[in-house]
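Residue-level listing of the chains:
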Amino acid sequence: MKLSGAEIVVESLIQEGVKFVFGYPGAVITDIYDCLEKRPVRHVLVRHEQGAVHMADGYARASGQVGVCLVTSGPGATNTVTGIASAYMDSIPIVVFTGQVPTELIGNDAFQEVDIVGITRPCTKHNYLVKRVEDLARVIKEAFYLARSGRPGPILVDLPKDVLKAQTEFKYPKKVELKSYRPTYNAHPGQIEKAAALLQKARKPVIYAGGGALASRCSPEIRTLAEALSIPVTSTLMGLGCFPGTHPLSLGMLGMHGTYWANMAVGHCDVLIAVGARFDDRVTGNVERFAPEARIIHIDIDPTSIRKSVNVEVPIVGDCKDALTKLNQRIQQWAAQDWSKMRQPWLETIREWQTSHPLTYRQEGEEIKPQFVVEKIYEVTRGQAIITTEVGQNQMWAAQFYKFDRPHSFITSGGLGVMGYGFPAAIGAQIACPERMVIDIAGDGSIQMNIQEMATAVANNVPVKIAILNNGYLGMVRQVQELFYGKRYAQTALSGNPDFVKLAEAYGAVGLRASRPEEVVPVIKKALSIPRTVIMDFVVCAEECVSPMVPAGAAMTEMLLVS
Amino acid sequence: MTMENNLNQKHTLSVLVDNEPGVLSRVTGLFSGRGFNIESLCVAETMDPQVSRITLVTRGSEQIVEQITKQLNKLINVIKVIDFTGTEFVEREMALIKVRAEASTRAEILRTVDIFRCKVVDVSLQDYTIEVTGTAGKIEALLTLLSHLGIKEIARTGAIALGRSKKEGPLKREGVKE
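Criteria and thresholds
- Residues numbered from 1 in each chain as written.
- Chains lettered and ligands numbered in written order.
- Predicted model: local features only at pLDDT ≥ 70, side-chain atom pairs only at ≥ 80, totals over all residues.
- Heavy atoms only, no water.
- Axes fitted to C-alpha atoms, helices over the stretch in contact; angles between N-to-C directions.
- Helix = DSSP H or I, 4+ residues; strand = E, 2+ residues; numbered from the N terminus.
- Parallel < 35°, antiparallel > 145°, perpendicular 65-115°, else oblique.
- Left-handed = near helix turned anticlockwise from the far one by under 90°.
- Contact = heavy atoms within 4.5 Å.
- Nonpolar A, V, L, I, M, F, W, Y, C, P; charged D, E, K, R; others polar.
- 1 Å grid on protein atoms, 1.4 Å probe; cavity = no way out; pocket = protein on both sides within 12 Å on 5 of 7 lines; lining within 4 Å.
- Points joined across faces, edges and corners; volume = space filled by probe spheres on them.
- Buried area = accessible area lost by both parts, 1.4 Å probe.
- Salt bridge = Lys/Arg side-chain N within 4 Å of Asp/Glu carboxyl O.
- Polar contact = N/O pair within 3.5 Å; in protein donor to acceptor, adjacent residues only side chain to side chain.
- Expected span 1.5 Å × (residues − 1).
- Buried < 20%, exposed > 50% of the residue type's maximum accessible area, 1.4 Å probe, protein only.
- Arc of directions from axis to C-beta.
- Phe/Tyr/Trp six-rings, centres within 6.5 Å; stacked < 30°, edge-to-face > 60°.
- Pairing = 2+ DSSP bridges.
- Domains from an automatic or database assignment.
- Patch = residues over 30% accessible without salt bridge, like charges linked within 9 Å, V, L, I, M, F, W, Y side chains within 5 Å.
- Areas by Shrake-Rupley, 256 points an atom, 1.4 Å probe, with all protein chains shown as cover.

To continue, consider the packing of helix 9 (residues 189-201) of chain A against helix 14 (residues 320-332) of chain A. Residues and elements named next belong to chain A. Put simply, helix 9 and helix 14 touch, their axes get as near as 10 Å, and they point 55 degrees apart. Classified by the angle their axes make, helix 9 and helix 14 are oblique. The handedness of the crossing between helix 9 and helix 14 is right-handed. Residue-level contacts link I192, E193, A195, A196 and L199 of helix 9 to A323, K326, L327, R330 and I331 of helix 14. Class assignment of the residues belonging to the contact of helix 9 with helix 14 gives a composition of seven nonpolar, no polar and three charged.

Volume-wise, the second largest pocket comes out at about 1,300 Å³. What lines the second largest pocket is a set of 47 residues, and nearest its centre among them are Y88(A), D302(A), T304(A), Q71(B) and K74(B). Among the elements of the structure, helix 5 (81-89) and helix 13 (281-284) of chain A together with helix 1 (23-33), helix 2 (62-74) and strand 4 (78-83) of chain B are those that each provide at least two residues to the lining of the second largest pocket. Here the lining of the second largest pocket gets five residues from one element, more than from any other, and that element is helix 1 of chain B. Taken together, the residues of the lining of the second largest pocket sort by class into 16 nonpolar, 17 polar and 14 charged.

If you look at the interface, chain B gives 21 residues, while chain A gives 27 residues. Buried area between chain B and chain A, both sides added, is near 2,200 Å², and the carbon and sulfur share of it is 47%. For the pair chain B and chain A, the number of links is two salt bridges. Between R307(A) and E66(B) there is a salt bridge; the shortest N-O distance is 2.9 Å. Put simply, chain B and chain A have 11 residue pairs in polar contact (both at pLDDT 80 or more) between them.

On to the environment of C545(A), then. Mapped onto the elements, C545(A) comes out in the segment after strand 20 (534-539). Residues in contact with C545(A), not counting those within four places in the same chain, are Q371(A), Q393(A), W397(A), R478(A), Q479(A), E482(A) and V562(A).

Residue and element names in this part refer to chain B. The end-to-end C-alpha separation of helix 4 (residues 136-147) is 16 Å, in line with the 16 Å expected for 12 residues at 1.5 Å each. When we look at burial in helix 4, the residues that qualify are I139, L142, L143 and L146. Buried residues of helix 4, viewed axially, fall in a sector of 100 degrees; they line one side. Packed against the buried residues of helix 4 are strand 5 (89-100), helix 3 (106-115), strand 7 (127-134) and strand 8 (151-156).

Glancing now at the packing of aromatic side chains. All names here are of chain A. Throughout the structure, instances matching the rule amount to 15 aromatic pairs over all chains. Relative to F279, the ring of Y208 lies with its centre 5.1 Å away and its plane at 80 degrees, an arrangement referred to as edge-to-face. Taken together, the residues Y208 in strand 9 (residues 205-209) and F279 in the loop between strand 12 (271-275) and helix 13 connect sequence positions 71 residues apart. Looking at Y208, the relative accessible area reads 1%, which means it is buried.

Residues and elements named next belong to chain A. Along its 13 residues, helix 9 runs 19 Å from first to last C-alpha, staying within 8% of the 18 Å computed at 1.5 Å per residue. Burial in helix 9 covers these residues: Q191, I192, A195, A196, L198 and L199. Relative to the axis of helix 9, the buried residues are bounded by an arc of 160 degrees and lie together on one face. Exposed and facing more than 90 degrees away from the buried side of helix 9 are P189 and K201. For helix 9, the secondary structure elements touched by its buried residues are helix 11 (219-229), strand 12, strand 13 (295-300), strand 14 (314-317) and helix 14.

What follows is about the sheet that holds strand 3 (residues 51-60) of chain B. Residue and element names in this part refer to chain B. Taken together, four strands build an open sheet; the order of strands is 2-3-1-4 and the sheet is antiparallel. Among the strands making up the open sheet, the edge pair consists of strand 2 (40-45) and strand 4. Sheet twist, expressed as the mean angle between neighbouring strand axes with direction ignored, is 20 degrees. The sheet contact formed by strand 1 (residues 9-18) and strand 3 spans 10 bridges and is antiparallel. Directly across from S14, in strand 3, lies its bridge partner T55. Packing of helix 1 onto the sheet brings it into contact with strand 1, strand 2 and strand 3, and relative to strand 3 it is tilted by some 10 degrees. Contacts from helix 2 reach strand 1, strand 3 and strand 4 within the one sheet, and its direction differs from that of strand 4 by about 160 degrees.

All names here are of chain A. Each assigned domain of chain A is listed here: domain 1 (2-169), domain 2 (189-356) and domain 3 (370-539). Spacing between the C-alpha centres of domain 1 and domain 3 amounts to 29 Å. Counting the surface domain 1 buries against domain 3, the share from its top three residues, R47, M55 and R61, is 29%. Between the two partners, domain 1 and domain 3, sit zero salt bridges. Between domain 1 and domain 3 we count nine residue pairs in polar contact (both at pLDDT 80 or more) in total. The element contributing the most residues to the side of domain 1 that touches domain 3 is helix 3 (residues 49-63), with 10 residues. Looking at the side of domain 1 that touches domain 3 residue by residue, the classes come out as 10 nonpolar, eight polar and five charged.

This next bit is on a nonpolar patch on the surface. Residues and elements named next belong to chain A. Side chains of F484, Y485 and L560 sit close together on the surface and give an oily, nonpolar patch of about 290 Å² of accessible area. With respect to the helices and strands, the residue F484 is situated in helix 20 (residues 475-484). F484 gets classed as partly exposed once you look at its relative accessible area, which sits at 41%.

This brings us to the pattern of salt bridges. In the structure shown here, the tally under the stated rule is 41 salt bridges over all chains. Note that D281(A) and R282(A) form a salt bridge whose closest N and O atoms lie 3.3 Å from each other. Of the charged contacts, one joins E39(B) and R59(B) as a salt bridge, the two residues approaching to 2.5 Å between their closest N and O atoms. One end of the pair, E39(B), is in the loop between helix 1 and strand 2; the other, R59(B), is in strand 3, with 20 residues separating them in the sequence. Taking relative accessible area as the criterion, E39(B) reaches 41% and is therefore assigned partly exposed. For R59(B), a relative accessible area of 31% gives the class partly exposed. Salt bridges here are not isolated pairs; linked through shared partners, they connect R132(A), D135(A), R138(A) and E142(A).

Right, let's get into the side chain of Q71(B). Looking at the secondary structure, you find Q71(B) in helix 2. Apart from the residues lying within four places of it in its own chain, the contact partners of Q71(B) are T304(A), L30(B), R34(B) and F36(B).

Residues and elements named next belong to chain B. Pairing analysis gives six bridges linking strand 2 to strand 3, with the strands arranged antiparallel. Residue pairing in the sheet places A44 in a bridge with R53 of strand 3. Taking the residues that link successive antiparallel strands as the turn, the strand 2-strand 3 hairpin has five residues.

What follows deals with the pairing of strand 7 (residues 154-160) of chain A. Residue and element names in this part refer to chain A. Counting buried residues in strand 7 gives seven out of seven residues, a clear majority hidden from the surface. In the sheet, strand 6 (residues 126-129) pairs with strand 7 via four bridges, with the strands oriented parallel. The residue bridging L129 from the neighbouring strand is D158, located in strand 7.

Below you can see the structure in the form of structure tokens.
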């Protein structure tokens, strides 16, 4: 039987096991919407296409499945670009379907035409313009395969209207044949041997785990390695949760706003084991002075991540899970040794750094400290919530003061740093995990960047909670202005903020406010008891800084402690 | 542990790619987006019409060229990347040179053409158009010699290159992934 292109798209989604599509209709993709309505794929109607991509991204991170997004041509397509770029930086598997004008009009400056394949070439793992309906099923098969395999990433498929109308026999391919794409999953045994040799001699090792550890689902293997040899573990922002935050060997986050002791440990370690991390500038600081004493083992599935900014002694290309499994097997063959005893001096040194420079803030007086809010959210949820964040101070405080014991529980736009990411991502995560608490820790600036998705949350009965740390500023920039620009707060004070409680109510959601420290816990508890979308407006201290902080150009061991 | 960036060596890369629209743009976009430099670039189909060969000359430290090679390999449409640097290979460029040819200089131009084993491919009362192939050095040398006679226009390709075959072994077929 022949199917139209639009039907092929929908049937292919079903073949891929897609349960949710986040999207927004438009003229050239009406055919797909017409088919979608009749089939068992649930469509979540957003209010802005950027929201759709972030939802697909949040859905992908929480569920481990490929997130899917469907938008129209022109502005519908360009509105997805920020979300695609964010997913690309964070290696999140999503497939974005965009409508396109009919093939004969392409290049003609037709109404709502844009060269979205050209625009997204540098920020997708791969993208396609489908010109013949006969290619459609194969392209969709490839798109899903590429999105989830190797180093995951976003794939865009551009669908001209005439291709959606044209008909052909539908046969969904069983497998993908791409002669030029063969990710390396199996770590080379010779490299494992070298890594093991380094580890055996290491006196002051540190494991540095990134987002790739979550993508590879190798939390158990990291834990095995860490516990076997008593190696402390630090995570990047993207890697939080891959190793339990409450574990005695956990150092918390490293980097620009990481813990003092994590950065000191990396700055003084003799062997650094990087797992699915890419030595990003926010982690290394001044790269010339990063981990100066360390011999580095770097495990990554993407060869381009290795030796991109930092020289490594033992590169291991492969799936982190495979590499660590092999490494752990190798270590088991060693003669028995009391590693925890041998590690005592190193762990003791780290403990001293931790005691001398703890993560701290002072909750005193009538004003609520933003860190206090995050800490209370952690306590009330007993660390069991999925936390999404916006970008800025809210993101850093969430990373510092919420201890993530479970993987895939911290969802943040790490690489691109998209304000407006957290709320739609929370909606996607909540749809993926209806049984879990999902809380977006937001700022009053960021939340307004995709506030329109309140309608999406309410209309779809998505009971996400939004905790706004409302300081009336674009806080992270204000902090930089306070410390380095003589307190000249150019354009960072947000006047004209809405009343967030009334705003929530206007959308048909629930709005709660806490203005005094003693109101914080009751507001959190009340919000969590309401099975609806809730905005919690925490009126917090206006000029609180994220501390510690590594100034631009400094080494990671030269942290500023901002009080 | 930082990367050494002092070397700035020339590298000739041969990139086999899917012969599809947009592939060249992916390759050049990668260079511009990541701040790598392209000195010259030549593209044409191989014996397999589904595969094109891009010959690309770039400069950079060992670490930069390693990144370039890896980043190229990461593109889905790239089948194979060969860095000829440090291997035995044949490299050629071609130029068309329109040179002013007056009665007094015509003979000298023809002698030069002869010495450089190039060809005159178009003649008029005012000028000769010369076709030359060779290494970049040879073309530079010819241009220097002709420049004082008055070069009107030139069109020049980038380098193309192939690895030298092992003399005893069979020839490798183009476009076959190893």
